[in-house]
Amino acid sequence: MTLWHGRLGDGTADVVMRFSTSLEFDRRLAADDLDASRAHVRGLSRSGLLTQDELERLLAALDQVDRELVDGDFEFSSEDEDIHTAVERRVTEIAGDTGGKLHTGRSRNDQIATDLRLYSRRELTRIAHQVLALQEAFLVRAEEAGEGYLPGYTHLQRAQPVLLAHHLLAHGWALARDIDRILATVERMDVSPLGAGALAGSSLPLVPDSVSEELGFAGRFENSLDAVSDRDFVVEALFDLALLGVHLSRIGEEMVIWSTEEFGFVVLDDAFATGSSMLPQKKNPDVAELARGKSGRLIGNLTGLLATLKGLPLSYNRDLQEDKEPLFDSIEQVGLALPALAGLISTAHFEADRMEEAAGGAAMAAVDLAEWLVERGIPFRQAHAVVGGLVRDSIERRVPLEELIAAHPALGTEAVALLAPGVAVTRRRTPGSAGPAPVRKQIERFVARLDVDRSRIARWDDRAVVPGPSPDVAAH
Ligand code: ARG
């Protein structure tokens, strides 16, 4: 029997049910749906809409449904359109007529908005922890890298030497912004829509403030129309995950390049690489490639939902059901990519000799020569031209740069010392730069930042009402 059998009769066509059902994916909201229902019925009882006995019967029925779902004993019916109808049907089977009071003053419109906020708040918090774990992996490797250096690139052309630690932490700081964004999104979504009803609230004496408090939200909605139609929080979550995915993609791309024979900067651990079904000699960076590849679909999930939302009039429209699959997909994919990449980074073998050899060429110190001239009063533009001319001469006439510098009246043997391998990187002294002293400072600041972020994230752990649904419940 459908929920709307009173108005429409019971003849919903099979194709309509098949087309419109969301049960296959929204069953992963089961734990959140049950929590929202518990808070809702407690609210109804405080409003005097349920007797103590009815409240207890409903809570006991919700607990039983919870157990059945967790144990995999819950029997879904072909008429369950979504997780909300499935739970309500089963509660009514268990609690009889009292079950019919569960949906008092509530609509699936405020219900789904509530469930999805609970889910997103918890899952984004979990993702933030995983980002932190990846940052910790970068930190450990940066600390281990000591004063090892490699070429820094612009335009993928060797530019200036940088410490490996500096390079690794560059990714760490990008991830810190991802955490910032995720936490800001979580904070903005921390609003309870429950009590908005279908769109306009209720004639019944509901208590949305206390229901919101019970669910650990910072507060209730201000406008019932907005409460049931707002999916900004899903879009923001998808954006945060897409940009995080782009960062993971760039890390992945670098690991792909670094692990080529041409670069040879990294050898991936066997556990984080894959072989070829045909070519016996191959060791492939599939984890890094998938981290790169998944970002495409994360971006697609974001743009798809934006397109779904753009033409919708207020308030709830069934189109909004299309918010869930992209959200679940992005959460799941990022949730898989982060620990895989953290493992790859933690176990990678960085080839220090190869990196230093690549960064040891005399031309890598070209700007140091120019700055050496600047320190002796030569305008930078002029110094740039002098050194540029010498590099060009060296290439065209096939004369070592060192020789030309030694012979140059403004430079000479003192300047040649700058070109020795490993010298240039030690000359980067400014705050935030790539040399040993500033990188030591940077590591301290990064450690402090991780500490701050760890407690910022932990604040949201405490807010989670329940642990996530068990994989059995989430799986079909
Ligand atoms: N499955 C629906 C969704 O995800 C739940 C809300 C249904 N509301 C309705 N008026 N049909 O949006």
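Caption draft 1: Quick look at the overall build of the chain. Counting its regular elements, the chain contains 21 helices and six strands. Against the globule reference of 23 Å for 476 residues, the chain gives a C-alpha radius of gyration of 30 Å, more extended than a compact globule. Each of the three principal axes of the chain carries a C-alpha extent, and together these read 100 × 55 × 40 Å. Looking at the 476 residues of the chain, the share that counts as buried comes to 49%. Summing over all exposed atoms, the chain offers an accessible surface of approximately 22300 Å²; the carbon and sulfur share of this is 54%. Computing the positive centroid from 51 side-chain charges and the negative centroid from 75, the chain places the two 5 Å apart.

Caption draft 2: Region of interest: helix 13 (residues 324-347). With 24 residues, helix 13 should cover 34 Å at 1.5 Å per step; its first-to-last C-alpha distance of 35 Å lies within 8% of that length. Within helix 13, 17 of the 24 residues are buried, which leaves it mostly tucked inside the rest of the structure.

Caption draft 3: Main features of the packing of helix 8 (residues 164-188) against helix 20 (residues 436-461). Where helix 8 meets helix 20, the closest approach of the two axes is 11 Å, and the angle between their N-to-C directions is 25°. Judged on the interaxial angle alone, helix 20 and helix 8 are roughly parallel. Along this stretch, helix 8 crosses helix 20, giving a crossing that reads as left-handed. Between helix 8 and helix 20, the contacting residues are Ala-165, His-166, Leu-169, Gly-172, Trp-173, Ala-176, Arg-177, Ile-179, Asp-180, Leu-183, Val-186 and Glu-187 on the first element and Val-439, Gln-442, Ile-443, Arg-445, Phe-446, Arg-449, Asp-453, Arg-456, Ile-457, Arg-459 and Trp-460 on the second. Partitioning the contact of helix 8 with helix 20 into residue classes produces twelve nonpolar, three polar and eight charged.

Caption draft 4: Local environment of the site of the ligand. The ligand sits among Ser-22, Asp-82, His-84, Arg-108, Asn-109, Ile-112, Tyr-316, Arg-318, Gln-321 and Lys-324. Contacts to the ligand include Asp-82, whose side-chain N or O atom sits 3.3 Å from a nitrogen atom. Between a nitrogen atom of the ligand and a side-chain N or O atom of Gln-321, the distance comes to 2.8 Å. Burial of the ligand by the surrounding chains reaches 87%, relative to a free accessible area of 340 Å².

Caption draft 5: Representation of the pairing of strand 1 (residues 149-154) in the model. As judged from the six bridges shared by strand 1 and strand 2 (residues 157-163), these two strands associate in the antiparallel manner. When the sheet's bridge partners are listed, Tyr-149 is paired in strand 2 with Leu-163. Counting the residues between successive antiparallel strands, the hairpin from strand 1 to strand 2 contains two residues, one of them, His-155, with a positive phi of roughly 55°.

Caption draft 6: The arrangement of the packing of aromatic side chains in detail. Evaluated as defined, the whole model comprises seven aromatic pairs. Between the aromatic rings of Tyr-119 and Phe-328, the centroid separation amounts to 5.0 Å while the plane-to-plane angle is 75°, which identifies the pairing as edge-to-face. Here Phe-328 lies in helix 13 and Tyr-119 lies in helix 7 (residues 108-145), a separation of 209 residues in the sequence. Overall, the relative accessible area of 4% leaves Tyr-119 in the buried class. According to the relative accessible area criterion, Phe-328 is buried, its value standing at 2%. Relative to Phe-265, the ring of Phe-263 lies with its centre 5.2 Å away and its plane at 80°, an arrangement referred to as edge-to-face. Owing to a relative accessible area of 16%, Phe-263 belongs among the buried residues under this scheme. By relative accessible area, which is 2% here, Phe-265 ends up buried. Linked through ring pairs, Tyr-153, Trp-258, Phe-263, Phe-265 and Phe-350 together constitute an aromatic cluster. If you follow Arg-27 out to its NZ or CZ, it ends over the ring of Phe-76, 4.2 Å from the centre. Seen from the ring of Phe-233, Arg-117 lies directly overhead, with NZ or CZ sitting 4.3 Å from the centre.

Quick notes on the rules
- Residues numbered from 1 in each chain as written.
- Predicted model: local features only at pLDDT ≥ 70, side-chain atom pairs only at ≥ 80, totals over all residues.
- Heavy atoms only, no water.
- Helix = DSSP H or I, 4+ residues; strand = E, 2+ residues; numbered from the N terminus.
- Rg over C-alpha atoms; globule rule 2.2 N^0.38 Å.
- Buried < 20%, exposed > 50% of the residue type's maximum accessible area, 1.4 Å probe, protein only.
- Areas by Shrake-Rupley, 256 points an atom, 1.4 Å probe, with all protein chains shown as cover.
- Lys, Arg positive; Asp, Glu negative; His and termini not counted.
- Charge placed at Lys NZ, Arg CZ, Asp CG, Glu CD.
- Expected span 1.5 Å × (residues − 1).
- Axes fitted to C-alpha atoms, helices over the stretch in contact; angles between N-to-C directions.
- Parallel < 35°, antiparallel > 145°, perpendicular 65-115°, else oblique.
- Left-handed = near helix turned anticlockwise from the far one by under 90°.
- Contact = heavy atoms within 4.5 Å.
- Nonpolar A, V, L, I, M, F, W, Y, C, P; charged D, E, K, R; others polar.
- Near = heavy atom within 4 Å.
- Polar contact = N/O pair within 3.5 Å; in protein donor to acceptor, adjacent residues only side chain to side chain.
- Pairing = 2+ DSSP bridges.
- Phe/Tyr/Trp six-rings, centres within 6.5 Å; stacked < 30°, edge-to-face > 60°.
- Lys NZ or Arg CZ within 6 Å of the ring centre and 35° of its normal.

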